[in-house]
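Below, each chain spelled out in residue letters.
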Amino acid sequence: MTVNQHALGTTAEPTVDVDAVIIGAGFSGLYMLHRLRNTMGLTGRVFEAGGGVGGTWYWNRYPGARSDSDSYVYGFTFDEDLWREWEWSERYPEQHEIRAYLEHVAQRFDLYRDITFDTRITGASFDEARNTWAVTTDAGETVSARYLVTAVGALSSSNTPPFKNIDSFQGETYHTGLWPHEEVDFTGKRVGVIGTGASAVQAIPLIAKEASDLTVFQRTANYVIPANNGPPGVVVKKARLDDYAGIRERIQRSYFGFELNLLEKGALESTDEEIHQELMPRWEEGGFGIWLGSYVDMFFNDEANAKVRKFLHDRIREKVDDPETAELLIPKGYPFGVKRNPLDSGYFETFNEPHVHLVDVKSNPIAEITPTGVTLEDEDGSEYGFDAIVYATGFDAMTGPMNKIAIRGRGGQLLREKWDEGPRTYLGLTSAGFPNLFTITGPQSPSVLSNMPVSIEQHVDLVVKIIGEVRERGAETVEATREAEDAWVVHNAELVKPTLFETADTWYMGANIPGKPRVFMPNLSFVGPYRAKCDEVVANDYEGFTFGTSKQEATA
Ligand code: NAP
């Protein structure tokens, strides 16, 4: 156990085991530990449920798993040497490589010695008498800390729908978000994949290469854009290396954490031919250009959106040979861009293979899982027989990982009960009544609507500033005020109101989990303006926060 008396202004009895407990050893947890320990001189201990660093990249080992962010911006930028020295082999970094990168980061900054692996945090309670957190693990340990930082990721709580008789299946079962560490070989097997989100879109082309027969159960078709993956060109790589500061500055001020800009002219003001001319190069270039670097009015106006949809529908028809299958693969009933846009490498073409079948489970839902396969509601018991079923059914996103932990704030209030009708935060980073608790890229911050490492660095740097301020003031706690939180919740609702985001059943809305409140969870300020807002809060003497000590409860 480590003790930091100086940091807490104590003289005799140590009051805490560590200054901060950090939950999770992905991008967020690693950078948080580095900043706390290596730049602030505080003590920190990271608890990680997995057996190694990586967070989402530790668990998501399914075939084809890779980031959809361009690799040159998918990493830390706080250390120029680290950024320069790490060489990504492809445009989109593959899961093994991201994990290797994070292992390298952990070694380079000597982080391993403060990480406890294979240990899950089960609860955390704020002790109001001592202004400390008591954090409990599934190994039976209780650790006390002044600060609690959740670095749990937005997409780390996997979701398997409660299909009837799900446990009866006698073959192999996998979930994309909890993939085994051992090699999975589908060679010669009949495989069923349930789901067609970003994970399935990446996995399906590779599973199809091995399986003797592949059936994909689709409930909602997705707008899938080509990734256009490959090794980055030598000239491009050199130009980027020469522009570290420029790239860093641009992604930090951007809308989404990428070097992408929205067009000034709207789709509504453009002819179909102009739209084609704008979108076609982006389609060929691959990546998020059509989504996050084209027409801003498509996020607000369905007519504008329909023009972009038409372009995308035509591309799907070009790729899929069988017109009936193409029609099924064409998304319907919701606007483009309000659901996370997957990137693919050969997804649509896979459905041209004779051994690959697409089954619509919107019109005919899955009835049950049987010992040997899957049956649908209106097929009189006829069964799709499988040797393996892959659940690519996503996550209880954003609030799910936090709600799994019994986090109790002032008066013993449970955070998950406070968030019963949707998350309530100030800046997506703190919640009133939960002093000294910070949620890195939490709900109501830009988070999943951004290139995550950019948002993670910003949030961690902000936490460091706030903790520095607590110490500077000789205080023990920092906490969002109810007024600031109420205003932020209202602000988030107002931001999304004029957009089309609430019109679709997405995990952004919690709509993929039965019973979950239907609330749009990410913040729509966007990366650059959100950063500016946080900087303004700091400049305005930490507006919206109160600082307290055990004797003197709150001083603004
Ligand atoms: P997802 O997007 O939530 O997709 C889950 C799929 O399962 C959907 O097609 C969903 O259909 C289907 N499903 C859920 N319950 C079902 C049921 N009862 N019956 C039939 N189908 C059902 O999950 P994901 O693909 O794992 O992706 C989640 C997020 O993780 C992505 O949006 C992305 O942000 C991130 N991700 C990123 C990458 C990357 O960067 N490369 C890769 C993978 C994932 P409905 O659409 O009808 O609900």
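Look above for the structure.
Residues numbered from 1 in each chain as written. Predicted model: local features only at pLDDT ≥ 70, side-chain atom pairs only at ≥ 80, totals over all residues. Heavy atoms only, no water.

*Asks:* How would you explain the layout of surface pockets if you had to name every residue and give the values?
*Replies:* A volume near 380 Å³ is recorded for the second largest pocket. Forming the boundary of the second largest pocket are 19 residues, of which Arg61, Tyr62, Pro63, His96 and Glu183 lie nearest the centre. Ranked by the residues each element gives to the lining of the second largest pocket, the list is headed by helix α6 (residues 198–210), at 3 residues. Considered class by class, the residues forming the lining of the second largest pocket number 9 nonpolar, 4 polar and 6 charged. (1 Å grid on protein atoms, 1.4 Å probe; cavity = no way out; pocket = protein on both sides within 12 Å on 5 of 7 lines; lining within 4 Å. Points joined across faces, edges and corners; volume = space filled by probe spheres on them. Helix = DSSP H or I, 4+ residues; strand = E, 2+ residues; numbered from the N terminus. Nonpolar A, V, L, I, M, F, W, Y, C, P; charged D, E, K, R; others polar.)

*Asks:* Before we move on, can you summarise the nonpolar core with the specific residues and values?
*Replies:* Phe27, Met32, Tyr101, Leu427, Phe438 and Phe545 are the most contacted members of the largest nonpolar core, which totals 56 residues. Ranked by residues supplied to this core, first place goes to helix α16 (residues 452–472) with 9 residues. Filtering out sequence-adjacent residues up to four positions away, Met32 remains in contact with Ile22, Val149, Ile440, Val460, Val463 and Val464. With 49 residues, the next largest nonpolar core counts Phe336, Val338, Leu343 and Val448 among its residues. (Core = buried A, V, L, I, M, F, W, Y, C linked by side-chain atoms within 4.5 Å. Buried < 20%, exposed > 50% of the residue type's maximum accessible area, 1.4 Å probe, protein only. Contact = heavy atoms within 4.5 Å.)

*Asks:* Would you mind going over helix α17 (residues 482–496) in detail, with residue names and values included?
*Replies:* Along its 15 residues, α17 runs 22 Å from first to last C-alpha, staying within 8% of the 21 Å computed at 1.5 Å per residue. Those residues of α17 that fall on the buried side of the exposure criterion are Ala484, Glu485, Trp488, Val489, Asn492 and Val496. Looking straight down α17, one finds that the buried residues subtend no more than 135° of arc, so they occupy a single side. Counted as exposed and oriented over 90 degrees from the buried face of α17: Glu483 and Glu494. Contacts from the buried residues of α17 go to α15 (415–418) and α18 (527–539). (Expected span 1.5 Å × (residues − 1). Arc of directions from axis to C-beta.)

*Asks:* Describe the sheet that holds strand β14 (residues 373–376), listing the residues and the values that go with them.
*Replies:* The strand order β13-β14-β15 describes an open sheet built from 3 strands, whose pairing is antiparallel. At either end of the open sheet lies a strand with only one pairing partner, and these are β13 (366–370) and β15 (383–385). Neighbour to neighbour, the strand axes of the sheet diverge by 25° on average, direction disregarded. Bridge count for β14 against β15 is 3 bridges, and the pairing is antiparallel. Bridging across to β15, Thr375 finds its partner in Glu383. (Pairing = 2+ DSSP bridges. Axes fitted to C-alpha atoms, helices over the stretch in contact; angles between N-to-C directions.)

*Asks:* Lay out empty space enclosed by the protein in plain terms, naming residues and giving numbers.
*Replies:* To locate leftover empty space, one rolls a probe as large as a water molecule over the atoms. Considering all chains together, one arrives at 3 cavities of 30 Å³ or more under this definition. Estimates place the volume of the largest cavity at around 50 Å³. Around the largest cavity sit Thr150, Val152, Gly153, Ala154, Met398, Met402, Thr439, Ile440, Thr441, Gly442 and Pro443, which together line it.

*Asks:* Go over the site of the ligand, please, and point to the residues and values.
*Replies:* Contacts to the ligand come from 23 residues, most closely from Arg66, Thr196, Ser199, Arg219 and Thr220. Residue Gln202 places a side-chain N or O atom 2.9 Å away from a nitrogen atom belonging to the ligand. Here an oxygen atom of the ligand and a backbone polar atom of Ala392 are 3.3 Å apart. Coverage of the ligand by the protein amounts to 87% of the 910 Å² it exposes when considered alone. (Near = heavy atom within 4 Å. Polar contact = N/O pair within 3.5 Å; in protein donor to acceptor, adjacent residues only side chain to side chain. Areas by Shrake-Rupley, 256 points an atom, 1.4 Å probe, with all protein chains shown as cover.)

*Asks:* Requested: an account of α6, with residues and values cited.
*Replies:* Residue Ile204 marks the point of greatest curvature in α6, where the axis turns by about 35°; the proline Pro205 follows within four residues. Within the span of α6, buried status applies to Ser199, Ala200, Val201, Gln202, Ala203, Ile204, Pro205, Ile207 and Ala208. Structurally, α6 contributes buried residues whose contacts are with β8 (190–194), β9 (213–218), β11 (343–344), α13 (347–350), β12 (356–360) and β16 (388–391). (Bend = angle between axes of the 7 residues up to and from the residue.)

*Asks:* An account of the packing of helix α9 (residues 272–285) against helix α11 (residues 302–319) is requested, with residue identities and associated values reported.
*Replies:* For the pair α9 and α11, interaxial distance at closest approach is 10 Å and the crossing angle is 55°. What the angle tells us is that α9 and α11 run oblique. In the packing of α9 onto α11, the handedness of the crossing is right-handed. Contacts between α9 and α11 involve Asp272, Ile275, His276, Leu279, Met280 and Trp283 on the former and, on the latter, Lys307, Val308, Phe311, Leu312, Arg315 and Lys319. (Parallel < 35°, antiparallel > 145°, perpendicular 65-115°, else oblique. Left-handed = near helix turned anticlockwise from the far one by under 90°.)

*Asks:* Provide a residue-level description of the sheet that holds strand β7 (residues 172–175), including the pertinent values.
*Replies:* If you trace the 5 strands from one edge of the open sheet to the other, you get β7-β16-β8-β9-β12, paired in parallel fashion. Two strands in the sheet have a free side with no partner beyond their single neighbour: β7 and β12. Shown here is a sheet whose adjacent strand axes are inclined to one another by a mean of 15°, direction ignored. Summarising the sheet, β8 and β9 pair through 5 bridges and their orientation is parallel. Along β9, the bridge assignment pairs Ile194 with Phe217.

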